[in-house]
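Structural characterization, general
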Amino acid sequence: MTWLFPRLFSCLVALLLGGTVGYVTGAAVRAPILGALLGGALAIGLIAAVDTLRGARLIAWLRGSQDTDAPRDAGFWGEIAYRVERGIRARERSTVQEKARLAQFLDAIEASPNGVLMLDVNGQIDWCNSVAASHFGLDPRRDRLQRITNLVRAPAFVAYLQAGVYREAVVFPSPNGLGTLSVLVRDYGEGMKLVLSQDITERERADAMRRDFVANVSHEIRTPLTVLSGFIETMSTLPLTEVESRRVLVLMSQQAQRMQTLVSDLLTLAQLEGSPRPAADRWIAVSRLLQLVEADARTLSQGRHTLTLAGDDSAQIAGAETELLSALTNLANNAVRYTPEGGRIDISWRRLADGSGEFAVRDTGLGIEREHLPRLTERFYRVDGSRSRDTGGTGLGLSIVKHVAQRHGGELDVQSEPGKGSTFRLVFPAARLRCVAAPTTPQPASDPGVPVGGLTADTR
């Protein structure tokens, strides 16, 4: 209110001065009262004109961008200009802060592993992050303000969005056809919607693998149990000769061994998946591994195949001896089991040009068709289930090999062609290899790895 009294005082002074001047002037023409009135009115009009000019300057500034300072006048209009400018600057600072917070919020949503899509009251896209754009096949800029149902036409999603009941998520194939989406809608604001999407392809695949795993284990165990139950019933109800009883016991022993092998392989896989990676400071001579693998393969072959062994006596590999021996023996035993009598099996080790090392098993067996190669390391996957069971396979051996390779930083490569045999290569990184001047025979490592006795050739 500091402007009020000076303004009233200035108006009173102007009125008095104007009236006085008018009175003196009017007295000269014998009309002093009229002259006083006209002089006072003229003074008040002059003050009004000045106020109008000041107000016009302020209005012109308000109509502009307000980038410059407000008019710096004194009195009433100066007070108004100051307070208006301060309010505008405060609003600008608040707007900048809100924009910064909004940008931070949108950046946080952008970093979310889930898709976030905002719809306005008309079901049009207001904003979406890159994950949601990838899930629904959208362009965040081009598709803005487009109706979501015009762009995402999956029947399950459209029906879910139009139903208006969003208690549960809806699951449907992603528009790009590369996976499965789980979408949940939440209302917010006045009629707006928040669409949350999640790619559950891997989860669905894992659930399917888990169901298949349980079904396969149940099937694998049920078959020998059925056989054992039948033999037990036969022995308890029928009078068998000594020869018949001995034959039944042999068959029962085979089925029990089959179940024991399956359980052993399952425990091996669980141990590989649940234990930390082998340390890189335990060195095992490659020559020792090759000798053990060759001995096991010759025992299984019993002279029915031609076996050759080639390797570098100076090479050593860092890792768990029991796990490495488990993987290598699985590959060699597979070659023996699936190579016809008289075939050839080559077991070799060599250093590659990049410093890595390769353990390879080549055979002249039946071979594998190309479409089966990507799935060989899946649990219980068999190219020919009856043939695998005849050879004693459980369908877990190559899965064990893959896990051992990954735990040692290596990889498994399979090359095969029907009628021309197969080549299984285990490649280990240079960081886990070294050469020594003379071959060494280290003591067996007390590593809680995979017991060699639990090996089973598996999948072909």
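On a predicted model such as this, the values are computed, not experimentally measured, just so you know. (Residues numbered from 1 in each chain as written. Predicted model: local features only at pLDDT ≥ 70, side-chain atom pairs only at ≥ 80, totals over all residues. Heavy atoms only, no water.)

The next point concerns the environment of Leu 309. Topologically, Leu 309 is positioned in strand S7 (residues 306–310). Along the primary structure Leu 309 and Ile 345 are separated by 36 residues, whereas in three dimensions their C-alpha atoms are 8.9 Å apart. Beyond its immediate chain neighbours, meaning those up to four positions away, Leu 309 contacts Leu 290, Glu 294 and Ile 347. (Helix = DSSP H or I, 4+ residues; strand = E, 2+ residues; numbered from the N terminus. Contact = heavy atoms within 4.5 Å.)

Read from one edge to the other, the open sheet built from five strands follows the order S2-S1-S5-S4-S3, with strand pairing classed as antiparallel. Sheet topology places strand S2 (125–128) and strand S3 (170–173) at the edges, where each strand pairs with a single neighbour. Direction aside, the axes of adjacent strands within the sheet are offset by 25 degrees on average. Here strand S1 (residues 115–119) pairs with S2 via three bridges, running antiparallel. Note on S2: the bridge partner recorded for Leu 117 is Cys 128. Here helix H6 (residues 155–163) sits on the sheet and contacts S1, S3, strand S4 (180–188) and strand S5 (192–199); the angle it forms with S4, its principal contact strand, is near 15 degrees. (Pairing = 2+ DSSP bridges. Axes fitted to C-alpha atoms, helices over the stretch in contact; angles between N-to-C directions.)

Applying the stated rule across the entire model yields 16 salt bridges. A salt bridge links Glu 92 to Arg 89, with the nearest nitrogen and oxygen atoms 3.3 Å apart. Of the two residues, Glu 92 and Arg 89 both sit in helix H3 (residues 75–110), three residues apart, roughly one turn of that helix. For Glu 92, a relative accessible area of 35% puts it in the partly exposed group. The class of Arg 89 is buried, set by a relative accessible area of 18%. (Salt bridge = Lys/Arg side-chain N within 4 Å of Asp/Glu carboxyl O. Buried < 20%, exposed > 50% of the residue type's maximum accessible area, 1.4 Å probe, protein only.)

The next point concerns the layout of surface pockets. The calculated volume of the largest pocket comes to roughly 470 Å³. Along its surface, the largest pocket is lined by 16 residues, and Met 209, Arg 210, Asp 212, Glu 378 and Arg 379 are the ones closest to its centre. Residue assignment for the lining of the largest pocket shows that the elements contributing at least two residues are helix H7 (201–237) and helix H12 (397–407). When residues in the lining of the largest pocket are grouped by element, the largest group, six residues, is from H7. Taken together, the residues of the lining of the largest pocket break down into five nonpolar, four polar and seven charged. (1 Å grid on protein atoms, 1.4 Å probe; cavity = no way out; pocket = protein on both sides within 12 Å on 5 of 7 lines; lining within 4 Å. Points joined across faces, edges and corners; volume = space filled by probe spheres on them. Nonpolar A, V, L, I, M, F, W, Y, C, P; charged D, E, K, R; others polar.)

So, about the UniProt feature "transmembrane region" (unreviewed entry) in the chain. Taken from the UniProt record, the annotation "transmembrane region" (unreviewed entry) applies to residues 36–53. Regarding residues 36–53, the helix share stands at 100% and the strand share at 0%, and the terminal C-alpha atoms are separated by 26 Å. (UniProt positions renumbered as here; feature names shortened; annotations may be inferred.)

The biggest cluster of nonpolar side chains holds 42 residues, and the ones touching the most others in it are Ile 317, Leu 331, Trp 349, Phe 359 and Leu 426. Top contributing element to this core by residue count: helix H10 (residues 321–337), with eight residues. Taken domain by domain, the makeup of this core includes at least three residues from each of domain 3 (203–274) and domain 4 (283–435). Phe 359 has contacts with Leu 290, Val 293, Leu 328, Leu 331, Ile 347, Ser 348, Trp 349, Phe 424, Arg 425 and Leu 426, leaving out every residue within four places of it along the chain. Listed in part, the 21 residues of the second largest apolar core include Phe 136, Leu 161, Leu 181 and Val 195. (Core = buried A, V, L, I, M, F, W, Y, C linked by side-chain atoms within 4.5 Å. Domains from an automatic or database assignment.)

Empty space among the atoms can be located by rolling a probe the size of a water molecule over them. For the structure shown, the criterion picks out two cavities of 30 Å³ or more. Of the voids in this model, the largest cavity is the one considered here, and its volume is about 50 Å³. Taken together, Val 286, Leu 289, Ile 317, Leu 324, Leu 328, Trp 349, Phe 359 and Phe 428 make up the lining of the largest cavity. Contributing elements (two or more residues each) for the lining of the largest cavity: helix H9 (286–301) and H10.

Our focus in this paragraph is the sheet that holds strand S13 (residues 433–435). For sheets, the rule is that strands pair by backbone hydrogen bonds, running either parallel or antiparallel. Taken together, three strands build an open sheet; the order of strands is S6-S8-S13 and the sheet is antiparallel. Pairing within the sheet leaves two strands with one partner each, and these edge strands are strand S6 (283–285) and S13. For this sheet, the mean angle separating the axes of adjacent strands, direction not counted, is 35 degrees. Most of the contacts of H9 go to S6, to which it runs at about 55 degrees, and overall it touches S6 and strand S8 (315–318).

Another point: unusual backbone geometry. One non-glycine residue, Leu 145, lies in positive phi territory at about 70 degrees. Note that Leu 145 resides in the loop between helix H4 (130–136) and helix H5 (148–151). Even without glycine at this site, Gln 302 takes up a positive phi of about 55 degrees. Mapping Gln 302 onto the fold places it in the loop between H9 and S7. A relative accessible area of 67% means that Gln 302 is categorised as exposed.

This paragraph deals with the domain arrangement of the chain. Entries for the chain in the domain assignment read domain 1 (3–91), domain 2 (112–201), domain 3 (203–274) and domain 4 (283–435). Its C-alpha centre places domain 3 at a distance of 26 Å from the equivalent point of domain 4. Contacts between domain 3 and domain 4 engage 14 residues on the former and 12 residues on the latter. Together, the buried faces of domain 3 and domain 4 total about 1200 Å²; carbon and sulfur atoms form 66% of this surface. (Buried area = accessible area lost by both parts, 1.4 Å probe.)

So, about the packing of H10 against H12. It is at 9 Å that the axes of H10 and H12 come closest, and there the two elements cross at 140 degrees. In terms of their interaxial angle, H10 and H12 are classed as oblique. Note that H10 runs across H12; the crossing there is left-handed. For the pair formed by H10 and H12, the contact residues are Glu 323, Leu 324, Ser 326, Ala 327, Asn 330, Leu 331 and Asn 334 on the first element and Gly 397, Leu 398, Ile 400, Val 401, Val 404 and Arg 407 on the second. When its residues are assigned to classes, the contact of H10 with H12 shows seven nonpolar, four polar and two charged. (Parallel < 35°, antiparallel > 145°, perpendicular 65-115°, else oblique. Left-handed = near helix turned anticlockwise from the far one by under 90°.)

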